[in-house]
Amino acid sequence: MLELLNYEFMQRAFAAGILVAVISPLIGTFIVLRRLSMIGDTLSHASLAGIAAGMLGNFYPLWGALAFSLAAAIGIERLRKRFSQYAELSISIVLSASIGLAVVLISLAKSFNADLMSYLFGSIIAVTMQDIYLMLALGIVIILSVWLFYKEFFYIAFDEDGAELAGIPVAALNIYFTVLTAMAIVVGMRIVGILMISSLMVVPVAASLQLAKSFRQTMLFSVMIALVSVISGLFTSYYFDLAPGGTIVLTSVAILVLVLIRNLFGRR
């Protein structure tokens, strides 16, 4: 069963997948607790515009994805200040602009091809060493940032006003956290796909919230669930010739359903 690991493309896929499984829930835990689940979809659509720009400009698409998603992240935080009473509008505005820009750039690049599809839905064979290096660099930045600013992110997630009164630079950290979310989107798109990476940020966290008794446990369980989802999803997608992104997300959803059923019958 493990003979698939003899192939270099599968080795790259598993290396990237394990990195994604660690990074996505780390960011996703804070996203869910801050009730910003839609921000992942918004930034993933911004990264799609960056992919299309890369294909149009004939440069490495992930650089375009990173640039566009970072710009969208900063734009969301700027708009949140403008619409302080309607903060969710900032996400909707950036999402609409990102989708429109992506469609226009794709039409200009005439790039709705197999390569673009691999970014949309994820691909086992499309992961290159260049992708791995970029994902690893971004992953290290994300992990170190969560470790360094864990207490601040935790405080902001539960009480933003209280954090500000306590002297925490909330505005700056909000921008930085949104930037980290954009980085996490870029890390995961090669394996899970642009259209489904936000699901891997949210679904394992939703399952872990049903099991954990503390914030740290929630983060730990969500990483474990994501690892199981990614590893089993990659095995399944390889042997049954399925899209890895959809297989990984469906596995995580199946785990969530099992946890909900367990809790339902456990209370009786």
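The coordinates are above.
Heads up: these notes are all about the structure in this document. Given the structure is predicted, the values throughout are model-derived calculations rather than measurements.

## Observations regarding the packing of helix 7 (residues 150-158) against helix 11 (residues 215-240)
Contact pair helix 7 / helix 11: the axes reach a minimum separation of 12 Å and the direction vectors enclose 105°. As the angle between them shows, helix 7 and helix 11 are arranged roughly perpendicular. Where helix 7 approaches helix 11, its residues Tyr150, Phe154 and Phe158 are matched on the opposing element by Phe215, Arg216 and Met219. Looking at side-chain class alone, the contact of helix 7 with helix 11 contains 5 nonpolar, no polar and 1 charged residues.

## Description of the side chain of Ser98
Along the chain, Ser98 falls in helix 4 (residues 88-109). Of note is the side chain of Ser98, whose polar atom sits 2.7 Å from the backbone oxygen of Val94. Residues within four places of Ser98 in sequence aside, it is in contact with Thr42, His45, Ala46 and Ala49.

## Focus: the nonpolar core
Ranked by internal contacts, the top residues of the largest apolar core, which has 82 residues, are Phe30, Ile51, Ile142, Met189 and Val192. At 13 residues, helix 1 (residues 8-33) tops the list of elements feeding residues into this core. Discounting chain neighbours no more than four positions away, the residues touching Val192 are Val20, Phe121, Gly122, Ile197, Leu200, Gly245, Ile248 and Val249. Ala207, Ile255, Leu256 and Val259 belong to the second-largest nonpolar core, a separate cluster that totals 6 residues.

Thresholds, definitions, all that
Residues numbered from 1 in each chain as written. Predicted model: local features only at pLDDT ≥ 70, side-chain atom pairs only at ≥ 80, totals over all residues. Heavy atoms only, no water. Axes fitted to C-alpha atoms, helices over the stretch in contact; angles between N-to-C directions. Helix = DSSP H or I, 4+ residues; strand = E, 2+ residues; numbered from the N terminus. Parallel < 35°, antiparallel > 145°, perpendicular 65-115°, else oblique. Contact = heavy atoms within 4.5 Å. Nonpolar A, V, L, I, M, F, W, Y, C, P; charged D, E, K, R; others polar. Polar contact = N/O pair within 3.5 Å; in protein donor to acceptor, adjacent residues only side chain to side chain. Core = buried A, V, L, I, M, F, W, Y, C linked by side-chain atoms within 4.5 Å. Buried < 20%, exposed > 50% of the residue type's maximum accessible area, 1.4 Å probe, protein only.

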